[in-house]
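The residues making up each chain are set out below.
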Amino acid sequence: MDIGFFEHIISQIAQGLGKLVFLHILGDPLVLKNLSSYLKIIKQYNLRAHIVNSGKFLHTQDFHTLLFAPVREIAFSLSAFVDNPRGFRDSYLQEILEFCSFSRKVKSEVFIHLRLQDYLLDASAPLLKEIAEFFGVADSRALRENLRLDYKTFFTITKHYEWNAKSPVQSNQFRLGKKPYCYGLIKQFGILSNGVVVPCCIDCFGEIALGDAHIQELRAILDSPKARSIKSYFKEGKALLPQCQKCGYVKVLR
Ligand code: SF4
C-alpha cells in the first residue's frame, strides 16, 4: 500500500475507529524494505501494531524496530516450514529463534507467538524438537498444546479452517449464547492495498467490497447501509451474505 494512502487511512482510524492495526490481510509485511516508515506513522497516531509473518524475510529487518512500540505483538506462522519445506530453509527458523533471544536481551515487552496449525502437528516433529531444545523444554511433546516458552513468548496452536469461504453452506444461523455470528465489522474490518474496504481478513479478494477508501471516508463506508446490515445480522447470530454463510473461519470462532 502506498505510504501516503496508508497515512490517510491511519489518520482516520486514529479518530475513534480502532486502536490496533494488523499489518496484513494476506502476505508478509516483512517483505517491505521501508516497514519502519509504516510503523512510524502508526506510532505518530498513538496506535499499536500487530505483525503476522512467515519469518522468511526477518533477516531483512532491524530486530530492534520490531521489538518496540508501536509493535505490540509479532507472530511467526511456522506452518509454511512444514507445508512448503523447499521454500523455507532451516536458517529461517534459526533467525526466528535468534530474534527471540534478542527480545529477551533487550527486555522487549512485545508479545511473540510461534504459531502452528493443528493439522500440521504430526508432521512437525523435527521443527518442534528444535524449538523445544532452544527454549529448554524437556520434552518436545509438550508442544502438542499451547505453551509459554519465555517471557511474553508463546508457542500457539491455531485451528485449521477453509480459507476464503470455500466450505459448503453450513448455516445462516450460528448462535452460541449471546455471541455474534462473527466479529467482522463489530471488532474488525480490513482495507486491501487497493483501498477496497472489507469486513475481515478472510475476504482477501474483496468479494464483500463495502467501499473504496481512496474516494470515501472510512467512517462513511463503515456506516453504509450494506455494512450496517451485515453487522446487525451478525449481532443477531445470523449471516446476511452467502460468503459468510459458507465461511470456514466461523467454525473456528466456536
Ligand atoms: S463470516 Fe467469515 S467471511 Fe464473513 S465477515 Fe466473518 S470472517 Fe469474514
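Residues numbered from 1 in each chain as written. Predicted model: local features only at pLDDT ≥ 70, side-chain atom pairs only at ≥ 80, totals over all residues. Heavy atoms only, no water.

## Examining the overall build of the chain
Across its full length, the chain carries 10 helices and nine strands. In terms of overall dimensions, the chain is globule-like: its C-alpha atoms have a radius of gyration of 19 Å, near the 18 Å expected for 254 residues. Overall, the C-alpha framework of the chain stretches about 55 × 40 × 35 Å when taken along its three principal axes. Taking the contacts inside the chain whose residues are at least 6 apart along the sequence as the reference set, 64% of them involve residues at least 24 apart. Accessible area for the chain stands at about 13,400 Å²; split by element, carbon and sulfur atoms hold 52% of it. (Helix = DSSP H or I, 4+ residues; strand = E, 2+ residues; numbered from the N terminus. Rg over C-alpha atoms; globule rule 2.2 N^0.38 Å. Contact = heavy atoms within 4.5 Å. Areas by Shrake-Rupley, 256 points an atom, 1.4 Å probe, with all protein chains shown as cover.)

## Some thoughts on the packing of helix H5 (residues 90–105) against helix H6 (residues 125–135)
Taken N-terminus to C-terminus, the directions of H5 and H6 make an angle of 25°; their axes are 11 Å apart at the nearest point. As the angle between them shows, H5 and H6 are arranged roughly parallel. Pair H5 / H6 crosses with right-handed handedness. Seen from H5, the contacting residues are Leu 93, Gln 94, Leu 97, Cys 100 and Ser 101; seen from H6, they are Leu 127, Glu 130, Ile 131, Phe 134 and Phe 135. (Axes fitted to C-alpha atoms, helices over the stretch in contact; angles between N-to-C directions. Parallel < 35°, antiparallel > 145°, perpendicular 65-115°, else oblique. Left-handed = near helix turned anticlockwise from the far one by under 90°.)

## Considering the sheet that holds strand E5 (residues 147–150)
With mixed pairing, the six strands of this open sheet are ordered in space as E1-E2-E3-E4-E6-E5. Edge strands, defined here as strands with exactly one partner in the open sheet, are strand E1 (20–22) and E5. Here the average twist between neighbouring strands, direction ignored, is 25°. For strand E4 (residues 111–117) and strand E6 (residues 153–158), the ladder comprises six bridges, and the chain directions are parallel. By the bridge assignment, Leu 114 is partnered in E6 with Phe 155. Against the sheet, helix H2 (residues 35–44) makes contact with E1, strand E2 (48–53) and strand E3 (71–77), and its axis sits at roughly 150° relative to E2, the strand it touches most. The strands touched by H5 within the sheet are E3, E4, E5 and E6, with E4 carrying the most contacts at an inclination of about 155°. (Pairing = 2+ DSSP bridges.)

## Describing the sheet that holds strand E7 (residues 190–191)
Taken together, the three strands give an open sheet; going across it, the order is E7-E8-E9, and neighbouring strands pair in antiparallel fashion. On the outer flanks of this sheet lie E7 and strand E9 (211–212), each paired with one strand and no other. Pairing of E7 with strand E8 (residues 196–198) involves two bridges; the strand directions are antiparallel. The partner of Ile 191 across the bridge, within E8, is Val 197.

## Remarks on the pairing of E6
Both E5 and E6 contribute to a ladder of three bridges, which runs antiparallel. Each residue of the ladder has a partner; that of Arg 148, found in E6, is Phe 154. Linking two consecutive strands that pair antiparallel, namely E5 and E6, is a turn of two residues; a positive phi of about 60° is found at Lys 152 within it.

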